[in-house]
Amino acid sequence: MSNEMKQKIVESVPQKGFFGHPKGLFTLFFTEFWERFSYYGMRAILVYYMYYEVSKGGLGLDQTTALSIMSIYGSLVYMSGIIGGWLADRIFGTSKAVFYGGILIMLGHIALAIPGNLPLFFISMVLIVLGTGLLKPNVSSVVGDIYSEQDNRRDSGFSIFYMGINLGGFLSPLIVGEVGMKHDFHLGFAIAAVGMFIGLLLFIFTKKKNLGLAGTIVPNPMSASEKKKTFTIVSLSIIILAIMIAVAIPMGLLTFDSFVALVGILGIGLPIIYFTVMYRSKKTTSVERSRLIAYIPLFVASVMFWAIQEQGSTILANYADKRTQLEFAGFSISPAWFQSLNPLFIITLAPIFAWLWMRLGKRQPTIPQKFSFGLLFAGLSFIVILIPGYFAGTDALVNPLWLVLSYFIVVLGELCLSPVGLSATTKLAPSAFSAQTMSLWFLSNAAAQALNAQVVKFYKPATEMIYFGVIGGASIVLAIILFLFAPKIQGFMKGIK
């Protein structure tokens, strides 16, 4: 997309009307609010739904298997952003991708709301994976479209947008968790479906007035011959894949363990392929190539961060259920409620961070330095959670405040890294690969959770302290290395601050 077209898009969006930001931020804020309400509500009870006994309304899966499935599911959710980014860049633009994605997510939650068996569960997962891949990276790309590259409100706008994400994430575990855990899992999933439906309605009825041309332009459209060739290749690939699966399962070649390993390979391989294709493309300028090089260490740091943060819905969710004191004076705390801690702290702190970056202006830390702070806090959050096991042993129930403190510390890191990473991605992305670079950003989360699918197998009460200590320590070491190399990385960004 040319700079002239980018400027035309910005000029089509009302630049005032939402807390001093473009009016389009209102539409994107609340669309993502309801999408995250549905997603985090579903996720708050999903792992328990998998490993709770059938008599309690669950699927009765092995606990370790459930934790691995949760990580694999999370990895595929973000990995599917490749498809969503490519479709937006080449076929129908980001706005339509958001709409189609919302429909698939809603259908996935409806499938979960229907009492059924394991096959129906996996069908719902496929729908949610594909839908999130279409919606999540592209709605973030549209946020980037409504600001010019020189607009100082950009980082602050992404922080506000990020607060909207987490406002939905805060409310949904309290509501869906209460209904799903204490009454009926499927009713909880139904509430998640309603949330996505509301988000779709809001997007449809406000996008034309608030977003202007943002999201409607296809940055790198395919020619008719390219479309025909691509359709043929995709159709043949789907047929071949279906045949391979049909043959591999009866032969015992495709098992859960082999599938986890395959997702792990994809989690590492796909980002490498993406970086290579974008770097070698004739549509990428020399300045954009330099910025891609700067993006690589940020991507690696993001993988390490999300490997810790995403265990909030697996290992720490299990920790809340099995290791935490949940009964106080006759009042019972639902373990799903702890999933609201992360977004609660972000809601509280995001405005402070947004104000801080605006206040510091040119004196604020560089992007690589902010990433290093994010890694430092992530590592400390795991160091903190091993302390009660050290003093009281790993067979005693611990005070829930330890879990609260761990979630709080990792949020400090998240606000240093995640909204900053979203903003940096839109600024460092090659023009011809804008939506796909956002998909690449979300691939860091996919890689992290693919890694977690293997790592969570090592978590047991006997290895609890070693588990948290090794992972937390590795993050702290990487934070120090990144901070030391921050000036060099900043140089490769070619003027991007």
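Scroll up for the structure.
First things first, this report covers the structure right here in the doc. (Residues numbered from 1 in each chain as written. Predicted model: local features only at pLDDT ≥ 70, side-chain atom pairs only at ≥ 80, totals over all residues. Heavy atoms only, no water.)

1. Some details on the pattern of salt bridges
Between side chains of opposite charge, a pair can form as their charged atoms come close. In total, this model carries 6 salt bridges according to the counting rule given. In this structure, glutamate 178 engages lysine 182 in a salt bridge whose closest nitrogen and oxygen atoms are separated by 3.5 Å. Of this pair, glutamate 178 and lysine 182 both sit in helix α6 (residues 154–182), separated by 4 residues, roughly a single helical turn. Across the pair glutamate 464 and arginine 323 runs a salt bridge, and its minimum N-O distance is 2.9 Å. With glutamate 464 in helix α16 (residues 464–492) and arginine 323 in the loop between α11 (315–322) and β1 (327–328), this pair connects stretches of sequence that are 141 residues apart. Across the pair, arginine 323 and glutamate 464 agree in class, each one buried. (Salt bridge = Lys/Arg side-chain N within 4 Å of Asp/Glu carboxyl O. Helix = DSSP H or I, 4+ residues; strand = E, 2+ residues; numbered from the N terminus. Buried < 20%, exposed > 50% of the residue type's maximum accessible area, 1.4 Å probe, protein only.)

2. Digging into the packing of helix α13 (residues 367–392) against helix α14 (residues 400–428)
Orientation of α13 relative to α14, taken along the N-to-C sense of each, is 165°, at an axis distance of 8 Å. In this view, α13 runs roughly antiparallel relative to α14, as classed from their interaxial angle. Relative to α14, α13 is oriented so that their crossing is left-handed. Taken together, the residues of the contact of α13 with α14 break down into 20 nonpolar, 5 polar and 1 charged. (Axes fitted to C-alpha atoms, helices over the stretch in contact; angles between N-to-C directions. Parallel < 35°, antiparallel > 145°, perpendicular 65-115°, else oblique. Left-handed = near helix turned anticlockwise from the far one by under 90°. Nonpolar A, V, L, I, M, F, W, Y, C, P; charged D, E, K, R; others polar.)

3. As for empty space enclosed by the protein
For the coordinates displayed, the defined rule picks out 4 cavities of 30 Å³ or more. Taken as a whole, the largest cavity spans an internal volume of roughly 330 Å³. Looking at the largest cavity, it is lined by 28 residues, and the ones nearest its centre are Tyr40, Tyr78, Tyr162, Trp306 and Glu414. Of all the secondary-structure elements, those providing two or more residues to the lining of the largest cavity are α2 (24–51), α5 (118–145), α6, α10 (286–309), α12 (341–360), α14 and α15 (434–455). Broken down by element, the lining of the largest cavity gets its largest block of residues, 5 residues, from α6. Looking at the lining of the largest cavity residue by residue, the classes come out as 12 nonpolar, 11 polar and 5 charged. Empty space within the second largest cavity amounts to approximately 60 Å³. Around the second largest cavity sit Ile308, Gln309, Gly312, Leu316, Asn342, Ser381, Phe382, Ser406, Tyr407 and Val410, which together line it. (1 Å grid on protein atoms, 1.4 Å probe; cavity = no way out; pocket = protein on both sides within 12 Å on 5 of 7 lines; lining within 4 Å. Points joined across faces, edges and corners; volume = space filled by probe spheres on them.)

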